[in-house]
Amino acid sequence: MVNSANAVEVRDLVVRRGGRTVLPGVSCRVARGSVTGLLGPSGCGKSTLLRAVVGVQVVASGQVEVLGLPAGAKALRSRVGYVTQAPSVYGDLTVREDLRYFAAVLGAPARDVDRVLREVGLQDHATSVVARLSGGERARVSLATALLGTPELLVLDEPTVGLDPVLRRDLWSLFAELAGRGVTLIVSSHVMDEAERCERLLLMREGRFLADASPSELRERTGEHDVEAAFLALVDREEAFA
Amino acid sequence: MSTRPALATTARVLAQLRRDPRTLALLLLVPCVLLSLLAWIYDGQPQLFDRVGASLLGIFPFVSMFLVTSVATLRERTSGTLERLLTMPLSKLDLILGYALAFGLVAVVQAVLATALALGPLGLDVLGPWWALLIVAVLDALLGVALGLLVSAFAASEFQAVQFLPAVVLPQVLLCGLLAPRESMAAALEALSDVLPLTYAVDAMQRVTASGDVTGGLVRDLAVVAACVVAALGLGAATLRRRTS
């Protein structure tokens, strides 16, 4: 099981939050060494699914397996990197102090701090206090934290929101490079045009998957050219059947 | 647990405090200012200051450390860092101990300052040795740290967190024997005061004031306070939840 081809396997996952069923029983698989885009409008259950994958979400039923182990297992804690939707770093520390702390918690070597600063393009901000950075820069500090050590799975909840297009392009090439090294990435976004960067797409709406396909398969299946149009076509089709 | 993540957490919390000099100054100076105020109020009645001053030397640091630590894990939760940390190789006890150590260091400095001020310039007279007074003051401040961290896990908002001061601390101040001797209280109140940790903290202070020897009663009081510190930290770690809804 430990060497299974899937980095993540979700079976019949049901999550209820505050009396509302957010995920009514979803299943999906994420292959190792791939970049999977989890796309869907805000509030469709993306974050809840990602929280279940990293093991911080109370689930009502179903199974979530990560790297062959139950999600949240102790052995996974140094193998899975997680970026929450809101930047989760200490605003009153400098960028370097923040990263140094998380590196120490992970047991990652101190030189990792410089590597991840380069990877997210923040080497010139190492001594800046995080709270005085822009929103996009703070998001990159948060992302840098997840790159510390040698994570085998990266769960990134909207890591590119609010970033300038050049930076977004750079980050997507970093994601591709990481996948090339065998890292599995799940990247959520509500911006449909990021879909082209992913090998695999999970389109989500109201807690259910509309599609689980590659961008080209999606185009073929719907006859549309961009993912936003394909998303709409799938919604229309589903409503016509309903 | 291992020591590395806990010590890293201590260093991080201290770095955060260093960036917030106003909080640090308030923590270290407010108990001193309050003790000075008390000495002034009892100017001309030194025997009254000797009786009440030692007890309040135990209570002021307890209250200020309680208040600052009661928002500590709440801050971690609202900043999202708690959720991230709980997906990392850090045990819940590592986190709580890291905080306890950082604020424990502040508590020691605070207790040293307050004790030195009370025994020196303010002229507090106690029969017991100065170091006994210091040990009790440090332990009382640590009790504030531990209880603050414990209630912090239960607070969902800043409004709730600050209300734990009147809810958790003031009843202990009322019942600890400072305002009225515990023996004179109704049996139910005395029994209640028997199970509140601050009772033993203040009782220890009164023993140092009243006796030149380190008595068995003092050692017992200190053991009870120390046990409460350990229990509160353990409970504080146990009540953190990795999975939330």
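This one's a predicted model, so the numbers in the text were calculated from it and none came from an experiment. (Residues numbered from 1 in each chain as written. Chains lettered and ligands numbered in written order. Predicted model: local features only at pLDDT ≥ 70, side-chain atom pairs only at ≥ 80, totals over all residues. Heavy atoms only, no water.)

Brief notes about the overall build of chain B
Stage number 1. Each helix and strand counted, chain B has 11 helices and 0 strands in total.
Stage number 2. Across chain B, helices and strands are ordered from the amino to the carboxyl terminus as α-α-α-α-α-α-α-α-α-α-α.
Stage number 3. Taken against the 2.2 N^0.38 rule, which gives 18 Å for 245 residues, the C-alpha radius of gyration of chain B at 18 Å falls within 12% of a compact globule.
Stage number 4. Taken over the C-alpha atoms alone, chain B extends approximately 55 × 40 × 35 Å along its principal axes.
Stage number 5. Here chain B, with 245 residues, has 51% of them falling under the buried criterion.
Stage number 6. A separation of at least 24 residues holds for 78% of the contacts in chain B among residues at least 6 apart in sequence.
Stage number 7. As displayed, chain B offers around 10700 Å² of accessible surface, 70% of which is attributable to carbon and sulfur atoms. (Helix = DSSP H or I, 4+ residues; strand = E, 2+ residues; numbered from the N terminus. Rg over C-alpha atoms; globule rule 2.2 N^0.38 Å. Buried < 20%, exposed > 50% of the residue type's maximum accessible area, 1.4 Å probe, protein only. Contact = heavy atoms within 4.5 Å. Areas by Shrake-Rupley, 256 points an atom, 1.4 Å probe, with all protein chains shown as cover.)

Things to note about the UniProt feature "transmembrane region" (unreviewed entry) in chain B
Stage number 1. Under the present numbering, the feature "transmembrane region" (unreviewed entry) in UniProt falls on residues 24-42, 54-74, 95-118, 130-154, 161-180 and 222-240 of chain B.
Stage number 2. Split by type, residues 54-74 of chain B is 90% helix and 0% strand. Its first and last C-alpha atoms lie 32 Å apart. (UniProt positions renumbered as here; feature names shortened; annotations may be inferred.)

As for the UniProt feature "domain: ABC transporter" (unreviewed entry) in chain A
Stage number 1. UniProt's feature table lists "domain: ABC transporter" (unreviewed entry) at residues 8-231 of chain A, given in the numbering used throughout.
Stage number 2. Across residues 8-231 of chain A, the secondary structure splits into 32% helix and 28% strand, with the terminal C-alpha atoms separated by 24 Å.

Some thoughts on the sheet that holds strand 10 (residues 208-213) of chain A
Residue and element names in this part refer to chain A.
Stage number 1. Here we have 6 strands laid out as an open sheet, ordered 6-7-8-3-9-10, and mixed in their pairing. At either margin of the open sheet sits one strand with a lone partner, and together these are strand 6 (80-83) and strand 10. Going from strand to strand, the sheet's axes swing by 15 degrees on average, the running direction of each strand aside.
Stage number 2. When strand 7 (residues 153-157) meets strand 8 (residues 184-189), the two strands line up parallel, connected through 5 bridges. What sits directly across from V155, in strand 8, is I186. (Pairing = 2+ DSSP bridges. Axes fitted to C-alpha atoms, helices over the stretch in contact; angles between N-to-C directions.)

Topic: the side chain of S70(B)
All names here are of chain B.
Stage number 1. Checked against the element boundaries, S70 lands in the loop between helix 3 (46-69) and helix 4 (72-78).
Stage number 2. Residue classification places S70 among the buried positions, given a relative accessible area of 0%.
Stage number 3. Aside from chain neighbours lying at most four places away, what touches S70 is G148, V151, S152 and A161.

Brief notes about the sheet that holds strand 2 (residues 20-31) of chain A
Residue and element names in this part refer to chain A.
Stage number 1. A sheet is described by the order of its strands in space; here 4 strands give the open sequence 2-1-4-5, paired in antiparallel fashion. Both outer strands of the open sheet, strand 2 and strand 5 (69-70), are each paired with one neighbouring strand and no more.
Stage number 2. Across 5 bridges, the pairing between strand 1 (residues 6-17) and strand 4 (residues 61-66) is antiparallel. From the neighbouring strand, V14 faces strand 4, where its bridge partner is S61.
Stage number 3. Where helix 1 (residues 46-54) meets the sheet, it contacts strand 1, strand 2 and strand 4, and its direction lies at approximately 120 degrees from that of strand 1.

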